[in-house]
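# Fold and geometry: a report
Here is how the chains run, residue by residue.
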Amino acid sequence: MKITGYRLEKYIYKIDRGLADANNPSGEDLSIGSLLFLETDEGVTGIAPAGNEKVQDLFKIIEGQDPRSVVWLWKKMDDFVFKGGNQGEAAAAISAIDVALWDLKAKINQEPLWQTLGARHGRTKAYASDIGYCMKDEDIYNFYSKMADNGVDAGKLKIGLSMEDDLRRIGIMKEALSKVRERPFLMVDVNEYWSPKNSIKLMNEIEKHYDIFWIEEPARRWDYRGLRKVSKSVKAAVATGENLNGISDVTSLITNYSVDIINIGVRQLGITGARQCANMAHAYELPVSMMNCQANYMAHLAAAIPNHVMMEVFGTPDREHVFKSWDNEIQDGFIVMGNSSGLGLEIDYDALRDLQNTDYGRIPNNSAPRRQGAGLEIKPLDENEVDWL
Ligand SMILES: [Mg+2]
């Protein structure tokens, strides 16, 4: 079997609410989506809900090759970008190709990807994640409450700009999740908005009121000394890693005792890179947590990682409207996958064309810029603030 072609389809989609964190508290409800299709001479097509223009250069490396040799192809692509490094847009393109190749491999095997990757069951524990700094108290309650109705007993909240608001909102999340478990797992995420010093000071205050399971990105992703200082000075575990580029970045954090839980994400790592990072963490007895992704498709890998604890779910269906189906659902607090081949993603091509022909009057900024003042001081939330762009 040979790889013969690819197709990259881009589109803009509207989410039913803004996505917001401390760097962009007012939120953004438009997003740019991509679908990468890898074609073969035997008519089987691999799909990844990702991809960018860098795929064009990388395709030359994999064209004509057998798609089943996924890890070898990943190495060839990793070597190809050698001097510039497997990072940024190049890493995102390699990741997209890698996901599409794994989808192909499982489809060729006529089995779900979780089985190809060696999982026993197609299931992994879920935690709810608001990505909703702009949400009102009532919306926060409703979001976690709906998740709790599906058995989810863990939640992560975006915080960082106001201690008063943060404490109140953590309490709302806790109350909603308490339906499932008297002491739900509570996590907070500041997306590198705080400095290490601020993280320690502010987390010590939060921990007077709540038992926090992990604090996510309390310092810059590469700041192993800052992260280590936070880890030593707060009760919560320090989690980071969703924006790292691969095992080399993760290794320096682990060997410097700077991280307690590794967040692994599909955007930069793909399935091959995420599995490498998870294995590295496993060697040091550290748990990993899979980052949120459209249609929760990375649950296939999460189910096959022995040191995986729980995966982030976002749960707003509007983000999934280019898919006809994705063959997984949240049941009793777990993402439960079915037996469809590959990732189980079925594309709704009519919906895709509609989105591609929709004019929203503006192009969203998907680069998620860091907010002015981040790492320097605590800026109060100003509802009228739009200078993050
Ligand atoms: Mg995060």
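See the structure printed just above.
Quick summary incoming for the structure in this document. The structure displayed is predicted, hence computed values, not measured ones.

Cut-offs used in this document
Residues numbered from 1 in each chain as written. Predicted model: local features only at pLDDT ≥ 70, side-chain atom pairs only at ≥ 80, totals over all residues. Heavy atoms only, no water. Helix = DSSP H or I, 4+ residues; strand = E, 2+ residues; numbered from the N terminus. Rg over C-alpha atoms; globule rule 2.2 N^0.38 Å. Buried < 20%, exposed > 50% of the residue type's maximum accessible area, 1.4 Å probe, protein only. Contact = heavy atoms within 4.5 Å. Areas by Shrake-Rupley, 256 points an atom, 1.4 Å probe, with all protein chains shown as cover. Lys, Arg positive; Asp, Glu negative; His and termini not counted. Charge placed at Lys NZ, Arg CZ, Asp CG, Glu CD. Pairing = 2+ DSSP bridges. Axes fitted to C-alpha atoms, helices over the stretch in contact; angles between N-to-C directions. Salt bridge = Lys/Arg side-chain N within 4 Å of Asp/Glu carboxyl O. Phe/Tyr/Trp six-rings, centres within 6.5 Å; stacked < 30°, edge-to-face > 60°. Arc of directions from axis to C-beta. Donors = N, O, S within 2.8 Å, 3.2 Å for Na, K, Ca; no water. Core = buried A, V, L, I, M, F, W, Y, C linked by side-chain atoms within 4.5 Å. Domains from an automatic or database assignment.

Attention shifts here to the overall build of the chain. Summing up its helical and strand segments, the chain has 12 helices and 15 strands in all. Against the compact-globule benchmark of 21 Å for 389 residues, the chain has a radius of gyration of 20 Å, which places it among compact chains. Considering only C-alpha atoms, the chain reaches an extent of 60 × 45 × 40 Å along its principal axes. In the chain, which comprises 389 residues, the proportion classed as buried is 57%. Intrachain contacts of the chain at a sequence separation of at least 6 include 71% that bridge at least 24 residues. Taken as a whole, the chain presents about 16600 Å² of accessible surface, with 46% of it coming from carbon and sulfur. Side chains of the chain give 45 positive and 57 negative charges; the mean places of these two sets differ by 5 Å.

Reading across the sheet, the three strands line up as β1-β2-β3 and stay open at both edges, with antiparallel pairing between neighbours. The sheet is open, and its two edges are formed by β1 (3-21) and β3 (45-48), each paired on a single side. Averaged over all neighbouring strand pairs, the angle between strand axes comes to 15°, with direction disregarded. Pairing geometry for β1 and strand β2 (residues 24-40), over 13 bridges, is antiparallel. Within the sheet, the bridge partner assigned to tyrosine 6 lies in β2 and is leucine 38.

With that settled, consider the pattern of salt bridges. One pass over the structure, following the stated rule, counts 25 salt bridges. Residues glutamate 39 and arginine 7 are paired through a salt bridge, measuring 3.3 Å at the closest nitrogen-oxygen approach. Placement of glutamate 39 in strand β2 and of arginine 7 in strand β1 is noted, with a sequence separation of 32 residues between them. The closest approach of N and O atoms between aspartate 79 and lysine 75, which form a salt bridge, is 2.8 Å. Here the residue aspartate 79 and the residue lysine 75 both occupy positions in helix α2 (residues 70-80), the gap between them amounting to four residues, near one helical turn. A relative accessible area of 41% places aspartate 79 in the partly exposed class. Through salt bridges with shared partners, a single network forms among Lys156, Lys158, Asp189, Glu216 and Glu312.

Counting across every chain of the model gives eight aromatic pairs. Consider the rings of phenylalanine 185 and phenylalanine 213, whose centres lie 5.2 Å apart with planes at 50°: the pair is tilted. Highlighted residues: phenylalanine 185 in strand β6 (residues 185-189) and phenylalanine 213 in the loop between α7 (196-206) and β7 (214-216), separated in sequence by 28 residues. A relative accessible area of 30% means that phenylalanine 213 is categorised as partly exposed. Feature note: the residues Tyr127, Phe185, Phe213 and Trp214 constitute an aromatic cluster, connected by ring pairs.

Three or more residues of α2 are buried, namely Val70, Leu73, Trp74 and Met77. For α2, the angular spread of buried residues about the axis comes to 105°, placing them on one side. Residues of α2 that are buried sit in contact with β1, α1 (55-62), α3 (88-109) and α10 (266-283).

You can see alanine 237 is positioned in strand β8 (residues 237-240). Considered as a pair, alanine 237 and lysine 158 are 79 residues apart in the sequence and their alpha carbons are 16 Å apart. With near-sequence residues (within four places) excluded, alanine 237 lies in contact with Phe213, Trp214, Ile215, Asp260 and Ile261.

Burial of the side chains of strand β14 (residues 334-337) is restricted to one face: Ile335 and Met337 are buried, whereas none of Phe334 and Val336 on the reverse face is. With three bridges joining them, strand β4 (residues 123-129) and β14 adopt antiparallel strand pairing. Pairing of arginine 123 across the sheet is with valine 336, part of β14. Where strand β13 (residues 328-331) meets β14, four bridges bridge the pair, whose relative direction is antiparallel. Paired with glutamate 329 across the bridge in β14 is valine 336.

By definition of the ideal shapes, a tetrahedral metal site with four donors has angles of 109.5 degrees and an octahedral site with six donors has angles of 90 or 180 degrees. Looking at the metal site, the magnesium ion is ligated by Asp189 (OD), Glu216 (OE), Glu242 (OE) and Glu242 (OE), spaced 2.1 to 2.8 Å from it. Written as a sequence motif, the donor arrangement for the magnesium ion is D-x26-E-x25-E. Residue aspartate 189 is found in strand β6, and its partner glutamate 216 is found in strand β7; the two are separated by 27 residues along the sequence. For glutamate 216, a relative accessible area of 0% puts it in the buried group.

Another aspect to go through is the nonpolar core. Within the largest apolar cluster, 114 residues are counted, with the highest numbers of intra-cluster contacts made by Ile264 and Met298. For this core, the element with the highest residue contribution is α3, accounting for 11 residues. Viewed by domain, this core spans two of them, domain 1 (3-110) and domain 2 (115-356), each represented by three or more residues. Beyond its immediate stretch of four places on either side in the chain, methionine 298 contacts Val266, Gly270, Ile271, Ala274, Met290, Cys293 and Met311. Of all hydrophobic cores here, the second largest spans eight residues; its members include Tyr127, Met187, Ala239 and Ile261.

Now for unusual backbone geometry. Residue asparagine 191 is not a glycine yet carries a positive backbone phi of 45°. Residue placement: asparagine 191 occurs in the loop between β6 and α7. Although it is not a glycine, aspartate 327 sits at a positive phi angle of roughly 50°. On the secondary structure map, aspartate 327 appears in the loop between β12 (323-325) and β13. For aspartate 327, a relative accessible area of 30% puts it in the partly exposed group.

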